[in-house]
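# Chain and residue survey
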Amino acid sequence: MQLTEFDILLAYAREVAAWLDAAVAAGTGTGKFLFNQLMKSESATPLAVLDNFAQRSELPIIRSFGVALSGTLDRAAMKFVQTYVDGQWQQRVYNTYEPSLTTMFPFDENGNSEITLTEFTEIFGPKGAIQNFKTQFLSAFETQPGMFQMRTTFLPQNSIGLSLEAENMLLHAREITDSSFVDGKPYSSFRLRVSYMEPA
């Protein structure tokens with residue numbers, strides 16, 4: 001029995017449904033499941049397979065329905081991914097270190113206390129919280145240190161990237177790291193100028 005394009009479309013749609021069911025049922029959460037799938041760029045997801053089939057179909061109804069379906073599901077999946085990554089930032093960096101960065105000197109020039117060297121290293125060190133977050137969650141967006149790019153979603157024609165606010169924040173954090181650490185250790189450079197005292 002020869003399958004029609006409608007049969008093939010339905011078969012691919014069932015595979016997408018099974019893939020999404022696995023995401024919803026994942027013990028680690030839907031967002032993390034989809035994030036891990038997105039990072040595995042070497043293999044096409046069922047969603048990409050469905051979209052590719054629809055894009056190549058010569059039947060307008062197949063092409064229109066398949067492309068619309070895959071596009072809608074791609075946008076929904078990326079919202080889960082974004083929510084997951086945002087949540088990890090809140091949990092691993094913001095909620096833990098935001099009080100130090102908003103109330104302590106030198107980040108608040110009127111702060112009643114100074115941030116300790118240990119806290120500063122935990123946040124901005126080469127192996128600190130911000131760098132660890134970038135390595136684990138943003139490596140696909142950073143082409144080289146300090147240079148960010150868009151990357152494809154589950155569909156090759158769609159893309160996603162960091163907001164300008166996020167890029168600026170990460171670039172500023174990198175500037176602090178580069179100027180404050182050498183060979184992974186805290187470093188401060190200053191010059192002492194010696195001059196003669198004027199007679200009274």
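Notes on the structure in this doc start here. All values derive from a computational prediction rather than experimental measurement. (Residues numbered from 1 in each chain as written. Predicted model: local features only at pLDDT ≥ 70, side-chain atom pairs only at ≥ 80, totals over all residues. Heavy atoms only, no water.)

## Brief notes about the layout of surface pockets
The cut-off we apply is this: Buriedness of a pocket was judged along seven lines, with at least five required to meet protein on both sides within 12 Å; pockets are open sets of points on a 1 Å grid over the protein atoms alone, cavities are sets where a 1.4 Å probe fits but cannot get out, and lining residues have an atom within 4 Å of a point. Grid points are joined across faces, edges and corners, and a volume is the space filled by probe spheres set on the points. What counts as a helix is a DSSP run of H or I of at least four residues, what counts as a strand is a run of E of at least two, and both are numbered from the N terminus. Here the term charged refers only to Asp, Glu, Lys and Arg, the term nonpolar to Ala, Val, Leu, Ile, Met, Phe, Trp, Tyr, Cys and Pro, and the term polar to all other amino acids, Gly among them.
By volume, the largest pocket amounts to about 510 Å³. In terms of lining, the largest pocket is formed by 21 residues, of which the most central are Val 85, Asp 86, Leu 138, Leu 162 and Ala 166. Only α2 (30-39), α4 (60-103), α6 (129-138) and α7 (164-180) provide two or more residues apiece to the lining of the largest pocket. Per-element accounting of the lining of the largest pocket gives the leading share, seven residues, to α4. Residues belonging to the lining of the largest pocket are distributed by class as follows: 15 nonpolar, four polar and two charged. Lining the second largest pocket are 14 residues, with Trp 89, Tyr 94, Leu 101, Ile 130 and Met 169 sitting closest to its centre. Elements with a minimum of two residues in the lining of the second largest pocket: α4 and α7. The greatest single-element share of the lining of the second largest pocket, amounting to seven residues, is contributed by α4. Of the residues assigned to the lining of the second largest pocket, the class counts are 11 nonpolar, two polar and one charged.

## Topic: the environment of Asn 110
Summarising the element assignment, Asn 110 is placed in the loop between α4 and α5 (117-124). Considering only alpha carbons, one finds Asn 110 and Ser 159, 49 residues apart in sequence, at a separation of 42 Å.

## A few points about α6
Note the following rule: For the exposure calls, accessible area comes from a 1.4 Å probe over protein chains only, and a residue counts as buried if that area is under 20% of its type's maximum, exposed if over 50%, partly exposed in between. In this description, the arc belongs to the directions extending from the helix axis to the C-beta atoms. Residue contacts are defined here by distance: any two heavy atoms, one from each residue, within 4.5 Å place the two residues in contact.
Looking at α6, one finds that the buried residues are Ala 129, Ile 130, Phe 133, Lys 134, Phe 137 and Leu 138. The buried residues of α6 occupy one face: seen down the axis, they fall within an arc of 135°. Packing partners of the buried residues in α6 comprise α2, α4, α5, β1 (142-144) and α7.

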